[in-house]
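Listed below, chain by chain, are the residues.
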Amino acid sequence: MIPTQLTSDQAAIQARIEAEIAEHAAAVRRVEARCKSAFLPILRDHGITRVDISYDGGGDEGMMDDVTAYGGQSVRELPSVLCDHYAVDYGGNVRSSALQLEDALSAFAENAVCDHHGGWENGEGAYGEIVIDVDSGGVTITHNARFIDYDTTETEL
């Protein structure tokens, strides 16, 4: 294949698109940080040390499943309190709302999976778990993609 040289117009368009993608990614990181700064103090104040949120998608359906809170090794009830939640919409605007803590955690998890593993709910779907370590403030997504694979070989003699 012969390498293609971009025209100056094409290079400018490519640079603009790359800048828009980078700005959206930066906006998502800022919103993730705002969400964490809203729910982490609430969780700490109620003695919760970890939250596990499972998700599953497939057949063009996707949903957050269980939200389980822990205080040490013991399962704890999430408090029934409001929590600020933030999200970036398709236009790049930040939306905010006050949700019940469990709903805010679930919405945060769904946004995180969508932002880092887009399309997780399509086709065979994907499944995984989001773990929030309250003490460190770290969030880990363990994502498992499902797919059907095949290898076809055709030989003509």
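Reading the values: rules and limits
- Per chain, residues are indexed from 1 in the order of the written sequence.
- Local features in a predicted model are, by the rule used here, given only for residues with pLDDT of at least 70; side-chain atom pairs are given and counted only at 80 or more, and totals for whole chains, interfaces and linings are based on all residues.
- Hydrogens and water molecules were not included; the side-chain quantities draw on all heavy atoms of the structure.
- Take the buried residues of types Ala, Val, Leu, Ile, Met, Phe, Trp, Tyr and Cys, join any two whose side-chain atoms come within 4.5 Å, and each joined set is a nonpolar core.
- To sort residues, take the accessible area from a 1.4 Å probe on protein chains only and compare it with the maximum for the residue type: under 20% means buried, over 50% means exposed, and anything in between is partly exposed.
- Note on conventions: DSSP H or I runs of at least 4 residues are helices, E runs of at least 2 residues are strands, and numbering of each starts at the N terminus.
- In short, DSSP must find at least two bridges between two strands for them to pair.
- Between the N-to-C directions of two axes lies an angle of 0 to 180 degrees, each axis being a line fitted to C-alpha atoms and, for a helix, fitted only over the stretch in contact.
- Patch rule: a residue counts if its relative accessible area is over 30% and it has no salt bridge; like charges are joined within 9 Å, and nonpolar side chains (Val, Leu, Ile, Met, Phe, Trp, Tyr) within 5 Å.
- A 1.4 Å probe and the Shrake-Rupley method give the accessible areas. Residues count as covered only by the protein chains that appear here.
- Each reported salt bridge corresponds to a side-chain nitrogen of Lys or Arg within 4 Å of a carboxyl oxygen of Asp or Glu.

Enquirer: Would you mind going over the nonpolar core with me for this structure?
Expert: Soluble globular proteins tend to pack their nonpolar side chains together in the buried interior. The biggest cluster of nonpolar side chains holds 31 residues, and the ones touching the most others in it are Phe39, Leu43, Val51, Ile53, Leu105 and Ile132. Elements represented by at least two residues in this core include exactly helix H1 (8-45), strand S1 (50-58), strand S2 (61-71), strand S4 (82-88), helix H2 (101-116) and strand S6 (126-133). In terms of residue count, the dominant contributor to this core is H1 (nine residues).

Enquirer: Help me understand the sheet that holds S1 in this model?
Expert: Within a beta sheet, neighbouring strands are joined by backbone hydrogen bonds and run either parallel or antiparallel to one another. Read across the sheet, five strands follow the order S3-S2-S1-S6-S7 without closing on themselves; strand pairing throughout is antiparallel. The open sheet terminates on both sides in strands that have one partner only, identified here as strand S3 (74-76) and strand S7 (138-145). For this sheet, the mean inter-axis angle between neighbouring strands, taken without regard to orientation, is 25°. Pairing geometry for S2 and S3, over three bridges, is antiparallel. Paired with glycine 71 across the bridge in S3 is serine 74.

Enquirer: Would you take a moment to explain a nonpolar patch on the surface for this structure?
Expert: On the surface, Ile13, Ile17 and Ile21 cluster together to form a nonpolar patch covering roughly 270 Å² of accessible area. Its location among the elements puts isoleucine 13 in helix H1.

Enquirer: Please explain the pattern of salt bridges as it appears in this structure.
Expert: Any two side chains of opposite charge can pair, so long as their charged atoms come close to each other. Tallying each qualifying case throughout the model produces five salt bridges. One salt bridge in this structure joins glutamate 20 and arginine 16, with 3.4 Å as the shortest N-O distance. Taken together, the positions of glutamate 20 and arginine 16, both in helix H1 and four residues apart, correspond to about one turn of that helix. By relative accessible area, glutamate 20 is classed as partly exposed at 46%. Between glutamate 23 and arginine 30 there is a salt bridge, with its nearest N and O atoms 2.9 Å apart. In this structure arginine 30 comes out as partly exposed when scored by relative accessible area, which is 46%.

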